[in-house]
Amino acid sequence: ATVSVLYWRMATSLVLSCILCAGAVVVDLKAYGRDAVRVRVAPSGSTITGPLTSALLDNDAPGGESQVLSNGNIHVTADSSGVVTVTRKSDGVVLLEGVSVVFSQPTNGSRPGTTKVTAAFKGRKQRIYGLGEHKTFRVNQFPYSKVFADSLFYGDSQGGDVSIPWYCSDMGYGFVWNSPSLGMVNITENVTQWVADATRNLDFWVVTTERDPPSYAAAGRSFFAELLEKYVDAVGHALPLPFWASGFIQSKDRYRNQTQVLDVARGYVTRGLPISMIVIDWFHWVEMGDWSFNPVCFPDPQKMVDELRGMGIELMVTLWPYVGMNVSVNWPQYLHNGYLATSQQTGEAESFWEYNTPTGNCVVDPTYDKAMEATAKHWYEGYGKYGIKAIWMDESEPDHAEYISGGQWNFRAGSDSEMLPAWVKYWSAGMKDALEKNAGRKPGDFLIMARNAWAGTWRNGAALWSGDIQSTWEELTDAVAIGQGVMMSGVALWTTDIGGYVNGNPEDPDFQQLIVRWFQFGAFCPLFRTHGHRDGGPPADECWMTNGDNEVWNLAKDEEHYNAITAVMYLREDLRDYVMRINNETVHTGMPMMRPMFLQFPNDTTCQTDASVEKQFMFGPDWLVSPVTTPNATTWNVYLPPLPPTHEWVYWWTQTVQTKAGWVAFDVSSIADFPLCFRRPKESS
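Reading the values: the criteria
- Residues numbered from 1 in each chain as written.
- Predicted model: local features only at pLDDT ≥ 70, side-chain atom pairs only at ≥ 80, totals over all residues.
- Heavy atoms only, no water.
- Pairing = 2+ DSSP bridges.
- Helix = DSSP H or I, 4+ residues; strand = E, 2+ residues; numbered from the N terminus.
- Buried < 20%, exposed > 50% of the residue type's maximum accessible area, 1.4 Å probe, protein only.
- Contact = heavy atoms within 4.5 Å.
- Polar contact = N/O pair within 3.5 Å; in protein donor to acceptor, adjacent residues only side chain to side chain.
- Core = buried A, V, L, I, M, F, W, Y, C linked by side-chain atoms within 4.5 Å.
- Salt bridge = Lys/Arg side-chain N within 4 Å of Asp/Glu carboxyl O.
- Phe/Tyr/Trp six-rings, centres within 6.5 Å; stacked < 30°, edge-to-face > 60°.
- Disulfide = S-S within 2.5 Å.
- Axes fitted to C-alpha atoms, helices over the stretch in contact; angles between N-to-C directions.
- Parallel < 35°, antiparallel > 145°, perpendicular 65-115°, else oblique.
- Nonpolar A, V, L, I, M, F, W, Y, C, P; charged D, E, K, R; others polar.

For the rest of this paragraph, the subject is the sheet that holds strand β34 (residues 656–658). The 6 strands lie next to each other as β29-β30-β31-β36-β33-β34, forming an open sheet whose pairing is antiparallel. Edge strands, defined here as strands with exactly one partner in the open sheet, are β29 (594–595) and β34. With 2 bridges connecting them, β29 and strand β30 (residues 617–619) associate as antiparallel partners. In the sheet register, methionine 594 faces β30, and the bridge partner there is phenylalanine 619.

So, about the pairing of strand β14 (residues 183–187). Most of β14 is tucked away, with 5 of its 5 residues classed as buried. Note that strand β11 (residues 144–147) and β14 share 4 bridges and pair antiparallel. Following the sheet pairing, tyrosine 144 is matched in β14 by isoleucine 187.

This brings us to the environment of serine 246. The residue serine 246 is located in the loop between α4 (223–235) and β17 (248–250) in this model. Judged by its relative accessible area of 0%, serine 246 is buried. Leave out the neighbours within four places in its chain, and serine 246 touches Leu241, Ser276, Arg572, Arg576, Val579 and Met580. At 2.6 Å, the side chain of serine 246 and the backbone oxygen of phenylalanine 243 are in polar contact.

This brings us to the nonpolar core. In this structure, Tyr231, Met431, Trp494, Phe519, Phe521, Phe524 and Phe619 are the most contacted members of the largest nonpolar core, which totals 193 residues. Among all residues touching methionine 431, those that are not within four sequence positions of it are Leu319, Met372, Thr375, Trp379, Ile391, Met393 and Ile448. Counting 35 residues, the second largest nonpolar core, distinct from the first, contains Val25, Val41, Val86 and Ile187.

Moving on to the environment of arginine 459. Assignment of secondary structure puts arginine 459 in the loop between β25 (447–450) and β26 (462–465). Excluding residues within four positions of it along the chain, arginine 459 makes contact with Ser54, Ala55, Leu57, Val235, Gly236, His237, Ala238, Leu239, Lys425 and Lys432. Only 2.3 Å separates the side chain of arginine 459 from the backbone oxygen of valine 235, close enough to count as a polar contact.

To continue, consider the sheet that holds β17. Read from one edge of the open sheet, 8 strands run β27-β26-β25-β23-β19-β18-β17-β28, paired in parallel fashion. Edge positions in the sheet fall to β27 (494–495) and β28 (528–530), since each of these pairs with one other strand and no more. Note: β17 against strand β18 (residues 277–280), 2 bridges, orientation parallel. Across the sheet, residue isoleucine 249 finds its bridge partner in β18, namely methionine 277.

Under the definition given, this model contains 32 salt bridges. Aspartate 28 is the salt-bridge partner of arginine 40, the closest N and O atoms lying 3.3 Å from each other. Placement of the pair is arginine 40 in strand β4 (residues 36–43) and aspartate 28 in strand β3 (residues 25–31), with a sequence separation of 12 residues. On the accessibility criterion, arginine 40 (0% relative accessible area) is buried. One salt bridge connects glutamate 418 with arginine 111, and the closest N-O pair in it is separated by 2.8 Å. Of the two residues, glutamate 418 sits in helix α9 (residues 416–419) while arginine 111 sits in the loop between β8 (98–104) and β9 (115–122), which places them 307 residues apart along the sequence.

Residues phenylalanine 142 and proline 143 are joined by a peptide bond in cis, for which omega reads -10°. Looking along the chain, the bond that leaves aspartate 253 and enters arginine 254 is cis, with omega of 0°. Within the element layout of this structure, arginine 254 appears in the loop between β17 and α5 (258–270). Although it is not a glycine, leucine 131 adopts a positive phi angle of roughly 75°. When you line up the elements, leucine 131 lands in strand β10 (residues 128–133). Residues other than glycine seldom take positive phi values, yet phenylalanine 283 does so here, at roughly 55°. With respect to the helices and strands, phenylalanine 283 occurs in the loop between β18 and α6 (301–310). Here phenylalanine 283 falls in the buried class, since its relative accessible area comes to 10%.

For the structure on display, the rule yields 53 aromatic pairs. Summarising the aromatic geometry, the rings of tyrosine 578 and phenylalanine 619 are spaced 6.2 Å apart at their centres and angled 55° between planes, so their arrangement reads as tilted. Linking tyrosine 578 in helix α15 (residues 576–589) with phenylalanine 619 in strand β30, this pair joins segments that are 41 residues apart in sequence. Exposure remark for tyrosine 578: the relative accessible area of 6% places this residue in the buried category.

The residue serine 179 is located in the loop between β13 (173–177) and β14 in this model. Look at serine 179 and you get buried, because its relative accessible area is 6%. Of note is the side chain of serine 179, whose polar atom sits 3.2 Å from the backbone nitrogen of serine 181. Beyond its immediate chain neighbours, meaning those up to four positions away, serine 179 contacts Ala196, Thr199 and Trp454.

Here we come to the side chain of histidine 378. Inspection of the secondary structure puts histidine 378 in helix α8 (residues 369–382). Histidine 378 gets classed as buried once you look at its relative accessible area, which sits at 18%. If near-sequence neighbours (up to four positions away) are discounted, histidine 378 is found in contact with Trp291, Asn330, Gln333 and Tyr334.

Our next topic: the state of the cysteines. With the rule as written, the count across this model stands at 1 disulfide. There is a disulfide in this structure between cysteine 297 and cysteine 543, and the S-S distance comes to 2.1 Å. What sets the handedness of the cysteine 297 and cysteine 543 disulfide is the S-S torsion sign, and at about -105° it is left-handed. Here cysteine 543 lies in the loop between β28 and α13 (552–555) and cysteine 297 lies in the loop between β18 and α6, a separation of 246 residues in the sequence.

The subject of this paragraph is the packing of α5 against α6. Running from amino to carboxyl end, α5 crosses α6 at an angle of 5°, the nearest separation of the two axes being 11 Å. Of the possible angle classes, the one that applies to α5 and α6 is roughly parallel. In contact with Gln258, Val261, Leu262, Ala265 and Arg266 of α5, α6 contributes Pro301, Lys303, Met304, Glu307 and Leu308. Residues of the contact of α5 with α6, tallied by class, amount to 6 nonpolar, 1 polar and 3 charged.

Dropping the structure here:
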């Protein structure tokens, strides 16, 4: 089955553009951005073509005839035998050293002209950051192994595992695997291996730093920041966060009718509690794929939106990508016009996922422009015309009943093997069009929140959240690392379900403590949002279930807990201008809002090398946050990096200047206290 083998020697490089027939393979090297190169290799007799959807903004054709390309500080050569070398010019360091590239039979059902690609590089010990959202309890993802289909399958991931094919290394380079195919990655000391199960050719992008990495620390800037900036230049910059989404977001599973939504909103306003947005969750419709409110439960959406906006509250509404078979009002249109994914076995639109629809639910094919145009129109008629401008894009893996290993479903653009990991990119782009073209919204005045991501989905205005996580201390602990890792993956906006999604019981003393500690973390996430399926609640009625309460006054067991929660709510409200400022930096440079300590303090050895500091992070350049993630804690150790003589750390809760740098034990015996410091210029004496 093997067509050809290409031996590689890699480092970092490129300028100009080069296409070379090298014996058994076709090689194309192209300068792509500052100090960056795109490398493409095709089997003998094939042509270089782009993937179905590219992580890179420009999915251009190959070009050029030079065998040697240099682009800033990166240099790439391809000799007559097809060996490619990528090197950083300033210090001669080989960043990647290839072992082999193998082309073989793709997954059954793939289109003609596709191939399976396995690329292996020499392994080495390194620190790597990015790769998406993963429950590893660490920010440094090395060593790392992932089958992309596992991330997409709810039965494995509960919607909380997201694969983004990018990482950056402490060796001073970044790497994008530019294939939307199913496959896998394995990064260890022995080997780095990437596999695309069905693609046109090998396609990846490598970037390095403008100068030797050690020189950055002395200048006080992390070379990781430079790599992130070049990365978003290549794959796309995020859209701005709307100001109306920068405060507190109230959500639960689920507000089942209009009266309930308005009563909760009024409850926040009458208590003087800050709130920016409220969310209507799943099954507010009659049938799956109707994409409109059930008129029995939400009789006057315009009145609801207007009253909320009069209180300074925007409305977010969930949107699912399925059409109920034989029951949705949109079923005939989507079936007859070929707007749905089809089974490779039958060639027909079949049930992708049956939840709550006995006849089954077909999934929309977002790779078909006419399907997305129709969906955008239905979204506008069902929601957008009322002034709704925030979409909760749930189920956007898309969720499926049976594990998809490839060769099971076809979309207009190609098979599941060829593009399923990037399905969310098509879907989010289509909903961005709905908000911009159908509803007339401009960037910075709409928000999408998705349960999946791929390289560049943030350029569609799509945020990411933590999925259906458990209401446990372990999940809270993991969330602190996950949020930082997501930020290093390029995602601009991320949020956690404060309190966890599954099985939080407001009557349980352990949960009563957990929810406070989770609020203290959530207030310093890019999006500050509570959500959950709480135990209890009244029986289901004609508008289905509503589950237990999830509002602040119902979650806090007593005045002490209530005051602890509201303290961070008021603080977040006061910081909204700061939130917008650091988001603006993210939009323009890729510098994350939540920053691992090594990113903010590049010349601090502890921040660079001590894994213990992954329990804390910087929220923008000024706020150091270390959430308490164990029950009944009395002290919490935090590392305060030394600051220049002109600045000082201040402990927020007592406004006390911290005279000692290094590891400090803070008293957290009060539920209201957790390590929160901000740095400020010293007052002139």
